[in-house]
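Secondary and tertiary structure notes
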Number of protein chains: 2
Amino acid sequence: MSRELVVIALGGNAIKQASEIGTTEEQMKNVDTAAEQIAKISMAGYKILITHGNGPQAGALLIQQEEGSSLVPPQTLTVVGAMTQGQVGWMFQNRLAYHLKKMGKDAPICSVITQVEVSSDDPDFQDPTKPVGPFYTEADAKNHAAEKGWIVKEVKPGVEKSWRRVVPSPEPLSIVEERAINSLLVERVIVIAAGGGGIPVEKGKDGSWVGVDAVIDKDRAGFKLSQAVKADKFMILTDVENVYVDFNKPNQKALQEITLNEAQSYLDDGQFFKGSMGPKVEACMRFVKWSGREAIITSLDKALDALQGKTGTRIKK
Amino acid sequence: MSRELVVIALGGNAIKQASEIGTTEEQMKNVDTAAEQIAKISMAGYKILITHGNGPQAGALLIQQEEGSSLVPPQTLTVVGAMTQGQVGWMFQNRLAYHLKKMGKDAPICSVITQVEVSSDDPDFQDPTKPVGPFYTEADAKNHAAEKGWIVKEVKPGVEKSWRRVVPSPEPLSIVEERAINSLLVERVIVIAAGGGGIPVEKGKDGSWVGVDAVIDKDRAGFKLSQAVKADKFMILTDVENVYVDFNKPNQKALQEITLNEAQSYLDDGQFFKGSMGPKVEACMRFVKWSGREAIITSLDKALDALQGKTGTRIKK
């Protein structure tokens, strides 16, 4: 029985599907589906560290913060990130415990509120592009910018509310709660950490960690997390069983096992979409380069099969 | 140097003062003040487990959920509780790390999203009295009740919006994440847990923990937490240095060290207000009865002095 440690990164869309409005019930149902697959991985003997996106959850919270702003002050983006870690972390620990128990395992599970170090010297602070929160008219967006120091951009030209706040998406540099997470793993606790890419903080002049209004890419944070816990495998779960080249063309091809060099040349060739598959492949490549071990991209329902080498796109040195 | 484990319970009002509107900055500043005192306790050699209230934070979030409800679905009270654990947990771990570092200690800290078991057989489900969320007019309150199955009550007669939703405040029965919390303490991690009294869950028919719309008293949850980790001391921090008898009378007297029997007779005598000091004294009495060890009620700035027996109200067997 393997005691390999695998870091599993799930998208925020695995929690709220695009067709849904995002009630608690809907999200719990989706998390339940994901948790059942993760429970199977645990039953197969793997040690597990889960990380997850929070796009739809933070989006909804930011809208609510804004709509209530005449009555109570909206919290910062950092606090909203912390809130979504509580929300989604709870859902996962709750549903995972259920499925594990059903499968005969009574394992301790723990969601850890996680800060991730970034630097405001990161070039992404020069020209932020990550949209967060509600859509605004140009006039409203510019008012918010003047009042709150936001950077706003037109992100959907041609509609009335085409503007949004944009924030930087800096590189994650370290996992602040690294020691606590490792302590839990040593004690065989299943851990959920760095949700939404983590709460971005930078080193302040007084030595404290200062919250930064930014959003860290969850797959990059997943790699940093894998590094922090010296994971044996890093797996990104998404909508498709395999990464494709020549995607949506007659000659499209599902990738099975590829080397770092092959991944790099596909990437250079522009085979992977920048906003979706590109960052996932890059995060996997970082892991393989660093560890010499395997990284996997596959779909939720194929996760265990892929870990066992039966499917998925597996990137190796 | 003592290696006693102390469970410290702080009120939600230590995080947002009544005179404040509750911006992130204000709350961070208050948490910073509290964290400095807790850091001193850690420096004195105590192992620490922190728990905290979330009344003002959950209140604000419930208003925001409601105000945004035409755009995004409000999450359940359980999810709001989980969110405030993320919010306040982050604030504490962030400011505590800063003060410890300044004092020369680089200790790992971890906020644990915590579920607390309750039973829907609890008598409090028969006649819920704990108000949560916004104030409504009678008509609006009754609409919500009809639509969502809420129980609503008039809580502030004589004003236009005098009605609120009320939920049960059941007894906490166990700390679901007990093992993870103990694992962290074994590894000498400072833990923040069961914020807001914990996320109330009950055992479902299918074996899962089901979220319950309720609010658990944070001092009672603090006692359960003390039990779960076998704490050496349980300390409740509040606005006053001591518990008083004949409070606000010419002969008022600050209590120093009292026995369980003395505490019980003051309680029977109606010396402590039901909504404020009463539950704190009762939670302390439960701890002393169970452990035979000391429980303390004092103010934030006297916390270390009280632990060292110099001030505060100390309840002993």
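Residues numbered from 1 in each chain as written. Chains lettered and ligands numbered in written order. Predicted model: local features only at pLDDT ≥ 70, side-chain atom pairs only at ≥ 80, totals over all residues. Heavy atoms only, no water.

What about the sheet that holds strand β10 (residues 199-203) of chain B?
- Taken together, the four strands give an open sheet; going across it, the order is β8-β4-β10-β11 (chain B), and neighbouring strands pair in mixed fashion. Here the strands that pair on one side only, and so sit at the sheet edges, are β8 (174-175) and β11 (209-211) of chain B. (Pairing = 2+ DSSP bridges. Helix = DSSP H or I, 4+ residues; strand = E, 2+ residues; numbered from the N terminus.)

Observations regarding unusual backbone geometry
- Positive phi outside glycine occurs at A:Ala194, with the angle close to 55°.
- Mapped onto the elements of the fold, A:Ala194 is located in the loop between β9 (190-193) and β10 (199-203).
- Despite not being glycine, B:Asn248 has its phi angle at roughly 65°, a positive value.
- Its place among the elements puts B:Asn248 in the loop between β13 (244-245) and β14 (253-254).

Some thoughts on the nonpolar core
- A:Ile41 and B:Ile41 are the most contacted members of the largest nonpolar core, which has 94 residues in total.
- Discounting residues that sit within four places of it in the chain, B:Ile41 has contacts with B:Val6, B:Ile8, B:Tyr46, B:Ile48, B:Met235, B:Ala303, B:Leu304 and B:Leu307.
- Residues B:Ala194, B:Ala231, B:Val281 and B:Ala295 belong to the second largest nonpolar core, which totals 93 residues. (Core = buried A, V, L, I, M, F, W, Y, C linked by side-chain atoms within 4.5 Å. Buried < 20%, exposed > 50% of the residue type's maximum accessible area, 1.4 Å probe, protein only. Contact = heavy atoms within 4.5 Å.)

Description of the packing of helix α6 (residues 218-228) of chain A against helix α8 (residues 277-291) of chain A
Residue and element names in this part refer to chain A.
- Two elements in contact, α6 and α8, have axes separated by 8 Å at closest approach and are oriented at 15°. One element, α6, and the other, α8, form an angle in the roughly parallel class. As α6 runs across α8, the sense of the crossing is right-handed. Seen from α6, the contacting residues are Lys218, Asp219, Arg220, Phe223, Ser226 and Gln227; seen from α8, they are Pro279, Lys280, Ala283, Arg286, Phe287 and Trp290.
- Here the residues of the contact of α6 with α8 sort into five nonpolar, two polar and five charged. (Axes fitted to C-alpha atoms, helices over the stretch in contact; angles between N-to-C directions. Parallel < 35°, antiparallel > 145°, perpendicular 65-115°, else oblique. Left-handed = near helix turned anticlockwise from the far one by under 90°. Nonpolar A, V, L, I, M, F, W, Y, C, P; charged D, E, K, R; others polar.)

Here's the deal with empty space enclosed by the protein
- A complete count under the given rule lists three cavities of 30 Å³ or more for this structure.
- Roughly 50 Å³ of internal volume is contained in the largest cavity.
- Forming the boundary of the largest cavity are A:Ile113, B:His52, B:Gln85, B:Gly89, B:Ser111, B:Val112, B:Ile113, B:Ile192, B:Ala193, B:Ala194 and B:Gly195.
- Partitioned by chemical class, the residues of the lining of the largest cavity number six nonpolar, five polar and no charged. (1 Å grid on protein atoms, 1.4 Å probe; cavity = no way out; pocket = protein on both sides within 12 Å on 5 of 7 lines; lining within 4 Å. Points joined across faces, edges and corners; volume = space filled by probe spheres on them.)

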